[in-house]
Amino acid sequence: MEGMLSGFQSDLSSISSEIQTLQQQSVSMNVRLKNRQAVRSHLSQLVDELVVPAAMISTVLDSPVTDQEFLEQLHELNNKINFTKELSFRETLACNDIQDIVDRLKIKAVSKIREFILQKIYSFRKPMTNYQIPQNTLLKYRFFYQFLLANERTVAKEIRDEYVDTMSKIYYSYFKSYSGRLLKVQYEEVADKDDLMGVEDTAKKGFFSKPSLKSRNTIFTLGQRGALLSPAELEGPILIPHTAQRGDSRYPYESLFRSQHYALLDNGCREFLFISDFFMVTGNSGLDLFNSIMGKTLSMLLKSMSSYVADCFDSIAVFLCIHILLRYRAITTKRGLPALDRYWEAVLELLWPRFELILEMNIHSIRNTDPQKLGLLDTRPHYITRRYAEFSSAIVSINQTFPNERTHTLLAQLQVEVENFVLKMAAEFPSRRDQLIFLINNYDMMLSVLMERAADDSKEVEGFQQLLLARTQEFIEELLSPPFGGMISFVKEAEVLMERGQLERLKNDEARINQLVRGFSSSWKHSVEAMSQEVMRSFTNFKNGTSIIQGALTQLIQYYHGFHKVLNQPAFRSLGARSELINLHHLMVEVKKHKPNF
């Protein structure tokens, strides 16, 4: 038994040593397995990247470039090209086995892509082509250009140069022919250097001058022309010249300008977005590429603009063009497209000086006007002041959105000259009453025209309101003077003496006071009637005439009230004529009957 147990014990001890051996073997096998797995993952990735599948070869060689599969395999090929470049830097020998195949596939892909893109660019050149459709197609395959840029720079440059050359010619010829055809539907009657604000209506033109405007006044009137600045018109469809010619339609220059520049804005923005997307350019390089495509066209447009502006005397047209551009510039800024900024600035640099020059010419023409040469004298509003009122209200109303200080300054100068002109013209009338009627009629007309369009708080409106008020007040005194002058001067004289406490001095004027009281009582109704008729005859604006009559009657009642007050003083209480004074309330009721009703 003992021998058997000791044998059993020795067996057990050998088993424990075997278990230890097995454990060591297991650990070492585990380490080897992990090492092999790590190597395998690296190797399998390397092999996958190195192997060029048959599907890729057949797709790149045989499939059309427009297939989705071709695009997918091109992405794969691009990855393999980048991977082989990376391996060749590490001098991996396996790279040499596939380098040749990858290079040949790359050459094949490049030639197919080059042919496809050039074909699309050449399709732009066909007459009557809407080039935006092939452009949109190219955007779907923008990865093609990316592939060329990464792998074959010379082909990428060739394609870019070809695109720039083609599009530059397309835009140039389109805008050249469009601008030329637009000018055929412009109004034949245009303003020239003789059509200035201070030129008399009867002035003759030179023998060789262009067809004259039927009426000079249309140059200074805005009318419906301002509607062009409303958002609906500003971004409305462009004019189609041949349709307009067929319908015998004619347009002012600013309509043609808007149409031309809206087409430029539309095409320019779309082109800038396309090149930024397809050619992957940003910042200054994007602007340089845009200028190489559109530069020729923009220079041509600037040249035609400068030749028009040099010969233009229609300041409202120039000012509308300025405001069209300011709004278009705001649109491009809002869209975040800086491509046309330099062009907008260049055109504005052409238009602003011209506008200022025409305005200065008008200012000089009014300053140099000789009232003697303006024909018959008439107290009604003068045509020169009507021109000014129409013109000033037009400029002020357009200028409200984008105020410009220089414009305000020039308008203020023009206003001063017109005020001086009105005073010069008024001085031609022999009587002060006619002078005042002329001044009031002109101020009133200018004010009503300005208030139609300009804001009520504009400088021009305020200036003429003050002038009108002062002259109206003077006219009312002038109007009351013939029938009621004796009473008015007596009241003024008595009021001064009352303040000094020397009213006793007038006690001896009993005869004069009796005469004034009886004279007023007997003739005031007839005098008020005659006054009303004269005012309504003298003033062209019915509303203005009415307010003058009301002002005069109010003033008369105030004077008569003062007359009552003087005669109620102790010094005059014993006068018999006091009983013949008309009751003030009765007078007011009677006067109201003479107030014209609307």
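Everything numeric in this text was worked out from a predicted model, so none of it was measured.

1. Description of the overall build of the protein chain
Across its full length, the protein chain carries 20 helices and zero strands. Its C-alpha radius of gyration of 47 Å places the protein chain more than 25% over the 25 Å reference for a compact globule of 598 residues. When the 598 residues of the protein chain are sorted by exposure, 45% land in the buried category. Sequence-distant contacts in the protein chain: of pairs separated by 6 or more residues, those separated by 24 or more amount to 77%. Of the roughly 31900 Å² that the protein chain leaves accessible, carbon and sulfur atoms contribute 54%. Separation between the mean location of the 70 positive side-chain charges and that of the 70 negative ones in the protein chain comes to 4 Å.

2. With respect to the side chain of Asn267
In this structure, Asn267 sits in helix 10 (residues 253-278). Classification of Asn267 as buried rests on a relative accessible area of 9%. Separated by 2.7 Å, the side chains of Asn267 and Tyr131 make a polar contact. Engagement of the side chain of Asn267 in a polar contact is seen with the backbone oxygen of Ala263, the distance being 2.8 Å. Setting aside residues up to four positions removed in sequence, Asn267 forms contacts with Tyr131, Gln132, Tyr171, Tyr174 and Phe175.

3. Quick notes on helix 10
The first and last C-alpha atoms of helix 10 sit 37 Å apart over 26 residues, in line with the 38 Å expected at 1.5 Å per residue. Met280 occupies a position one or two residues after helix 10 and carries a positive phi of about 55 degrees.

4. As for the nonpolar core
Of all hydrophobic cores here, the largest spans 169 residues; its most connected members are Ile117, Phe144, Leu351 and Phe563. Setting aside chain neighbours within four positions, we find Phe563 in contact with Met487, Phe490, Val491, Leu516, Val517 and Leu581. With six residues, the next largest nonpolar core counts Leu182, Leu239, Ala244 and Leu256 among its residues.

5. Points about the packing of aromatic side chains
Summed over the entire model, instances satisfying the criterion amount to 35 aromatic pairs. An angle of 80 degrees between the planes, with centres 5.8 Å apart, marks the rings of Phe116 and Phe144 as edge-to-face. Taken as a pair, Phe116 in helix 4 (residues 95-123) and Phe144 in helix 6 (residues 142-151) lie far apart in primary sequence, 28 residues in all. Judged by relative accessible area, which is 8%, Phe116 ranks as buried.

6. Points about the pattern of salt bridges
In this structure the tally under the stated criterion is 23 salt bridges. A salt bridge links Glu474 to Arg432; its shortest N-O distance comes to 2.8 Å. Note that Glu474 is positioned in helix 17 (residues 459-500) and Arg432 in helix 16 (residues 432-453), a separation of 42 residues in sequence. By relative accessible area, Glu474 is classed as partly exposed at 27%. Glu590 serves as the salt-bridge partner of Lys525, at 3.5 Å between the closest nitrogen and oxygen. Here Lys525, found in helix 18 (residues 510-538), pairs with Glu590, found in helix 20 (residues 584-593); they are 65 residues apart in sequence, far enough to count as distant. When its relative accessible area of 44% is taken as the criterion, Lys525 is described as partly exposed. For Glu590, a relative accessible area of 12% translates into the label buried. Taken together, the salt bridges that share partners define one network made up of Arg225, Glu254 and Asp314.

7. Structural notes on the packing of helix 18 against helix 20
Two elements in contact, helix 18 and helix 20, have axes separated by 11 Å at closest approach and are oriented at 20 degrees. On the basis of the axis angle, helix 18 is roughly parallel to helix 20. Here helix 18 contributes Phe520, Trp524 and Lys525 to the contact with helix 20, which in turn contributes Leu587, Glu590 and Val591. In the contact of helix 18 with helix 20, the residues fall into four nonpolar, no polar and two charged.

8. Some words on a nonpolar patch on the surface
A cluster of nonpolar side chains, contributed by Phe8, Leu12, Ile15 and Ile19, occupies part of the molecular surface with about 400 Å² of accessible area. Among the structural elements, Leu12 can be located in helix 1 (residues 2-50).

9. So, helix 12 (residues 315-334)
Along its 20 residues, helix 12 runs 29 Å from first to last C-alpha, staying within 8% of the 28 Å computed at 1.5 Å per residue. When you tally the buried positions in helix 12, you get 16 out of 20 residues, the bulk of the element. The first or second residue beyond helix 12 is Gly336, which carries a positive phi of 70 degrees.

10. A few points about the packing of helix 10 against helix 13 (residues 341-367)
When two helices pack together, their arrangement is captured by the angle between the axes and the distance separating the axes. At their nearest, the axes of helix 10 and helix 13 sit 13 Å apart, and the two run at 160 degrees to each other. When the interaxial angle is binned, helix 10 and helix 13 end up roughly antiparallel. Considering the relative orientation of helix 10 and helix 13, their crossing is right-handed. For the pair helix 10 and helix 13, the contacting residues are Phe257, His261, Leu264 and Leu265 in the first and Tyr343, Trp344, Val347 and Leu351 in the second.

11. Remarks on unusual backbone geometry
Non-glycine residue Met280 carries a positive phi angle of around 55 degrees. As for its position among the elements, Met280 is in the loop between helix 10 and helix 11 (283-310). For Met280, a relative accessible area of 37% gives the class partly exposed.

12. Description of the environment of Glu356
Here Glu356 shows up in helix 13. A relative accessible area of 18% means that Glu356 is categorised as buried. In this structure the C-alpha to C-alpha distance between Glu356 and Val318, which are 38 residues apart in sequence, comes to 9.8 Å. If near-sequence neighbours (up to four positions away) are discounted, Glu356 is found in contact with Arg406 and Leu410. Within the structure, the side chain of Glu356 is placed 3.3 Å from the side chain of Arg406, a separation counted as a polar contact.

13. Thoughts on the environment of Phe313
By the secondary structure assignment, Phe313 is in the loop between helix 11 and helix 12. Judged by relative accessible area, Phe313 falls into the buried class, the value being 13%. Look past the residues within four positions of Phe313 in its chain and what remains in contact with it is Ala191, Asp192, Lys193, Ile219, Arg354, Ile358 and Met361.

Cut-off values and rules
- Residues numbered from 1 in each chain as written.
- Predicted model: local features only at pLDDT ≥ 70, side-chain atom pairs only at ≥ 80, totals over all residues.
- Heavy atoms only, no water.
- Helix = DSSP H or I, 4+ residues; strand = E, 2+ residues; numbered from the N terminus.
- Rg over C-alpha atoms; globule rule 2.2 N^0.38 Å.
- Buried < 20%, exposed > 50% of the residue type's maximum accessible area, 1.4 Å probe, protein only.
- Contact = heavy atoms within 4.5 Å.
- Areas by Shrake-Rupley, 256 points an atom, 1.4 Å probe, with all protein chains shown as cover.
- Lys, Arg positive; Asp, Glu negative; His and termini not counted.
- Charge placed at Lys NZ, Arg CZ, Asp CG, Glu CD.
- Polar contact = N/O pair within 3.5 Å; in protein donor to acceptor, adjacent residues only side chain to side chain.
- Expected span 1.5 Å × (residues − 1).
- Core = buried A, V, L, I, M, F, W, Y, C linked by side-chain atoms within 4.5 Å.
- Phe/Tyr/Trp six-rings, centres within 6.5 Å; stacked < 30°, edge-to-face > 60°.
- Salt bridge = Lys/Arg side-chain N within 4 Å of Asp/Glu carboxyl O.
- Axes fitted to C-alpha atoms, helices over the stretch in contact; angles between N-to-C directions.
- Parallel < 35°, antiparallel > 145°, perpendicular 65-115°, else oblique.
- Nonpolar A, V, L, I, M, F, W, Y, C, P; charged D, E, K, R; others polar.
- Patch = residues over 30% accessible without salt bridge, like charges linked within 9 Å, V, L, I, M, F, W, Y side chains within 5 Å.
- Left-handed = near helix turned anticlockwise from the far one by under 90°.

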